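Chain by chain, the residues:
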Amino acid sequence: MPILGQNQYGKAENRVVKITRDGATHHIKDLNVSVSLSGDMDEVHYSGSNAHVLPTDTTKNTVYAFAKEHGIESAEQFGIHLARHFVTSQEPIRTARIRIEEYGWERIEHTRQGAHSFVRKGQETRLTQITYDGSAWEVVSGLKDLTVMNSTDSEFWGYVKDKYTTLPEAYDRILATEVSARWRFNWTDDERETPDWEESYEQVRQHLLQAFAETYSLSLQQTLYQMGARIIDHRDEIDEVRFSLPNKHHFLVDLEPFGLKNATEDGAVYFAADRPYGLIEATVLRDGVEPRIPVDLTNL
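Residue indices follow the written sequence of each chain, beginning from 1 at its first position. It should be noted that, the model being predicted, local features are given only for residues of pLDDT at least 70 and side-chain atom pairs only at 80 or more, the latter also being counted only at that level, while totals for whole chains, interfaces and linings use all residues. Neither water nor hydrogens contribute to the side-chain values; these are computed over all heavy atoms in the structure.

## Brief notes about the nonpolar core
Side chains of nonpolar character tend, in soluble globular proteins, to be buried together.
And then number 1: Residues Val33, Phe78, Ile98, Val179, Trp183 and Phe243 are the most contacted members of the largest nonpolar core, which totals 54 residues.
And then number 2: We call two residues in contact when some of their heavy atoms are within 4.5 Å. Once residues lying within four places of it in the same chain are set aside, the contact partners of Phe78 are Leu31, Val33, Val63, Phe66, Ala67, Gly71, Ile72 and Ile100. What we call a nonpolar core is a set of buried Ala, Val, Leu, Ile, Met, Phe, Trp, Tyr and Cys residues that are connected through their side-chain atoms within 4.5 Å. Per-residue accessibility, obtained with a 1.4 Å probe over protein chains only, is compared with the maximum for each type, and a residue is labelled buried under 20%, exposed over 50%, and partly exposed between these values.

## Let's talk about the pattern of salt bridges
And then number 1: For salt bridges, the criterion is a side-chain nitrogen of Lys or Arg within 4 Å of an Asp or Glu carboxyl oxygen. Per the stated rule, a full pass over the model turns up 18 salt bridges.
And then number 2: One salt bridge connects Lys161 with Glu169, and the closest N-O pair in it is separated by 2.8 Å.
And then number 3: Judged by its relative accessible area of 31%, Glu169 is partly exposed.
And then number 4: Between Arg230 and Glu214 there is a salt bridge whose closest N-O contact spans 3.2 Å. One end of the pair, Arg230, is in helix α5 (residues 220–234); the other, Glu214, is in helix α4 (residues 197–214), with 16 residues separating them in the sequence.
And then number 5: Relative accessible area serves as the criterion here: at 22%, Arg230 is assigned to the partly exposed category.
And then number 6: A cluster of three or more residues bridged by salt bridges with shared partners is formed by Lys29, Glu76, Glu102, Arg126 and Glu198. To qualify as a helix, a DSSP run of H or I must reach at least 4 residues; to qualify as a strand, a run of E must reach at least 2; elements of each kind are numbered from the N terminus.

## What to know about the environment of Thr125
And then number 1: Along the chain, Thr125 turns up in strand β5 (residues 125–132).
And then number 2: Looking at Thr125, the relative accessible area reads 8%, which means it is buried.
And then number 3: Between the C-alpha atoms of Thr125 and Leu31, which are 94 residues apart in sequence, the distance is 9.8 Å.
And then number 4: Residues in contact with Thr125, not counting those within four places in the same chain, are Glu101, Glu102, Tyr103, Gly142, Leu143, Lys144 and Asp145.

This is how it looks when you write it as structure tokens:
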């Protein structure tokens, strides 16, 4: 007889926007919250009995009610409130996993100036996943769709060449990528003080951007490691960082047929290719720590 394996259920992608009014100044938290519950759920699969099933519609209602009752201090803290509630209020539920995407809103202000490093403002999505089994917590936060570019200070040469290699060596190239990153906190139990989730996110984001901008890059792998190492070195609350970095290739356009020289030192014209693309992925860990973030970030 077939037996039931791992299972879970919940309500996915609950869109909730919470406005907090501080006089004439308003603050926005814009979240996409997915709830996943598991535990003593064998019977509903075998016989259809719903005796242990909290309706997914109830989990949806809980998300909205908690946004009003508790507010949304941070995506992480909101997820902790929800996970604790589901595990402690429903005996059949043994583990709750809360996944949250947060969409940032910036106040309109004057345009900032830069040098040769750029970030597309307001494009990234903040992420967190909270897992609670009644005794221990795991908090993995991150971001995706953060597009960055260095228009110089990047080279790529000295690589392996075989009969299929056509790529010319580059000593002054554009380096651009769309950062997808996850970082795991070492906070796991209620006996310890929780990190300042908002400050942590802003600082981690700033460190990875600073490392990207300040690294004279001989490969995207080198840049990735410097980004992760800077986070580990500067943020004691984080033990592990996982990156997935597509290399957003920019190729020099051949303008010789038109009698034009297209040299990087003169300010070149590039073709921005969207695919195929190199995909660079790696984990950076605090020494002595075992990795726990999945290798495939699409599963997180």
